[in-house]
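A structural walkthrough
The primary structure of each chain is shown beneath.
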Amino acid sequence: MRRAWILLGGLLALVPAFLGGYPLRLASEAVAWALAATSLAFLFRTTGLVSLGHAAFFGGGAYVLALLTRESPALYPLALLLAVALGFLAALALGLLGLRSHGIYFLMLTLAFSQLLYILVKQAFPQFTGGDDGLPGIPRPPGLEDPSLFYLAGLGLLGLALGAYSALVRSPLGQILDALRLNEGRLAVLGYDVRRYKLLAFGLSGALGALGGVVLAGHRGFVHPHDLAWTTSGLLLVMAVVGGMRGVGSGLVGAVVLLLLEAVLSSYTNLWNLFVGLFLMVAAVYALRRRERRYGVGPAS
């Protein structure tokens, strides 16, 4: 399996050498979405929680980059670090409020948080955020103005993130987080501070989501309130689900599959959303059937 991921990484690194223009642009976008989708999959893998508010971290990271670098590209390193730190802190703050809840209640709380930030950015401070027009004119980092170099830098960040994720899963801390997802009550009885571990996982998830937003904003050159909307959170969740949720590379797989489907189908028909929806339905049914075969249980179990 490790060889397969190394091979995939090598193939992705060769994209600028053989493909330019639109394929390279699509690959750069996939890297950004993969980072954010991985953050959501990481949250589920470590806590069993599903968020519908990760657009807040994704879009928030993009806006931090835009506000700091539009007039001063030299601030890129500071903007990146600040976006990641704010993503971590925002997730901690939300976690302090919401991690006592589970299931649909946690889902709705994260959705409310994301929509609150969306409204604030779109309507409350248009003089800073650009309102409904967003913020154009975001430069690429100094030295990475070439699209190929920027793509390779983003791919490097994704590789580091996935490597750190893989190392964490294999570490003692990762085993504790796995136990947290499988049986939170038993872990608490053994004396572990369950709430602290949940906060850590949620904070790391928020930081990774913000990093994805930074890469997306640098790639596109603009940021829009839509990046904070619930539909963006839904798309991230779909990517994570399509990729399998629990695998280290699930976010990357889901992002590549969804973006390729959109690119190919939209070139043939305006009803591409319909076919993507059908694909997602088939994928969901396949996942349920696979679960039944593996565990001998049905959907209601």
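Residues numbered from 1 in each chain as written. Predicted model: local features only at pLDDT ≥ 70, side-chain atom pairs only at ≥ 80, totals over all residues. Heavy atoms only, no water.

**With respect to empty space enclosed by the protein**
Under the criterion given, the structure shown has one cavity of 30 Å³ or more. Its boundaries defined by the atoms lining it, the largest cavity holds a volume of some 50 Å³. If you trace the largest cavity, you find it lined by F42, R45, T46, L168, V169, G174, L177 and D178. When contributions to the lining of the largest cavity are tallied by element, the ones reaching two or more residues are α3 (22–47), α8 (147–170) and α9 (172–182). Residues belonging to the lining of the largest cavity are distributed by class as follows: four nonpolar, two polar and two charged. (1 Å grid on protein atoms, 1.4 Å probe; cavity = no way out; pocket = protein on both sides within 12 Å on 5 of 7 lines; lining within 4 Å. Points joined across faces, edges and corners; volume = space filled by probe spheres on them. Helix = DSSP H or I, 4+ residues; strand = E, 2+ residues; numbered from the N terminus. Nonpolar A, V, L, I, M, F, W, Y, C, P; charged D, E, K, R; others polar.)

**Some points on the pattern of salt bridges**
In the structure shown here, the tally under the stated rule is six salt bridges. With a shortest N-O distance of 3.2 Å, D178 and R45 are connected by a salt bridge. You can see D178 sitting in helix α9 and its partner R45 sitting in helix α3, a full 133 residues away along the chain. By the burial criterion, D178 is buried, and R45 matches it. If you follow the salt bridges from partner to partner, you end up with R45, D178 and R181 in one network. (Salt bridge = Lys/Arg side-chain N within 4 Å of Asp/Glu carboxyl O. Buried < 20%, exposed > 50% of the residue type's maximum accessible area, 1.4 Å probe, protein only.)

**A few points about the packing of α8 against helix α11 (residues 194–220)**
Between two packed helices, the angle of one axis relative to the other and the distance separating the axes together describe the packing. Axis separation between α8 and α11 bottoms out at 11 Å; the angle between their running directions is 170°. Taken together, the axes of α8 and α11 are roughly antiparallel relative to one another. Where α8 abuts α11, its residues F150, L157 and A161 lie against L208, L211, V215, G218 and H219. (Axes fitted to C-alpha atoms, helices over the stretch in contact; angles between N-to-C directions. Parallel < 35°, antiparallel > 145°, perpendicular 65-115°, else oblique. Contact = heavy atoms within 4.5 Å.)

**Considerations on the nonpolar core**
One finds W33, L35, Y151, L158, L236 and M239 to be the most contacted residues of the largest nonpolar core, which totals 40 residues. Elements supplying a minimum of two residues to this core: α3, α6 (103–124), α8, α11, α12 (230–243) and α13 (250–266). By residue number, the principal contributor to this core is α3, which donates 14 residues. Other than its neighbours up to four places away in sequence, W33 contacts F58, L216, T232, L235, L236, M239, A255 and L259. (Core = buried A, V, L, I, M, F, W, Y, C linked by side-chain atoms within 4.5 Å.)

**Points about the packing of aromatic side chains**
For the structure on display, the rule yields six aromatic pairs. Measuring from ring centre to ring centre gives 4.9 Å for W33 and F58, while their planes differ by 50°; the resulting arrangement is tilted. A residue pair is termed long-range when its members are at least 10 positions apart, and W33 in helix α3 and F58 in helix α4 (residues 55–69) qualify at 25 residues. Of the two residues, W33 and F58, neither departs from the other in class, the shared state being buried. For the pair F57 and F113, a centre-to-centre distance of 6.2 Å together with 40° between the ring planes defines the contact as tilted. Here F57, found in helix α4, pairs with F113, found in helix α6; they are 56 residues apart in sequence, far enough to count as distant. The partly exposed category is assigned to F113, whose relative accessible area is 24%. Among the aromatic side chains, those forming a connected cluster through ring pairs are F57, F106, F113 and F202. (Phe/Tyr/Trp six-rings, centres within 6.5 Å; stacked < 30°, edge-to-face > 60°.)

**Digging into the side chain of H54**
Examined against the element boundaries, H54 turns out to sit in the loop between α3 and α4. Engagement of the side chain of H54 in a polar contact is seen with the side chain of S51, the distance being 3.0 Å. Beyond its immediate sequence surroundings of up to four residues, H54 is in contact with S39, L40, L43, F202, S205, S233 and L236. (Polar contact = N/O pair within 3.5 Å; in protein donor to acceptor, adjacent residues only side chain to side chain.)

**Describing the packing of α4 against helix α5 (residues 76–98)**
α5 packs onto α4 with a crossing angle of 145° between their chain directions and a minimal axis gap of 9 Å. The way α4 lies across α5 gives a crossing that is right-handed. Taking contact as the criterion, the partners of F57, G61, V64, L65, L68 and T69 in α4 are, on α5, Y76, A79, L82, A83, L86, G87, A90, A91 and L94. For the contact of α4 with α5, the class distribution of residues is twelve nonpolar, three polar and no charged. (Left-handed = near helix turned anticlockwise from the far one by under 90°.)

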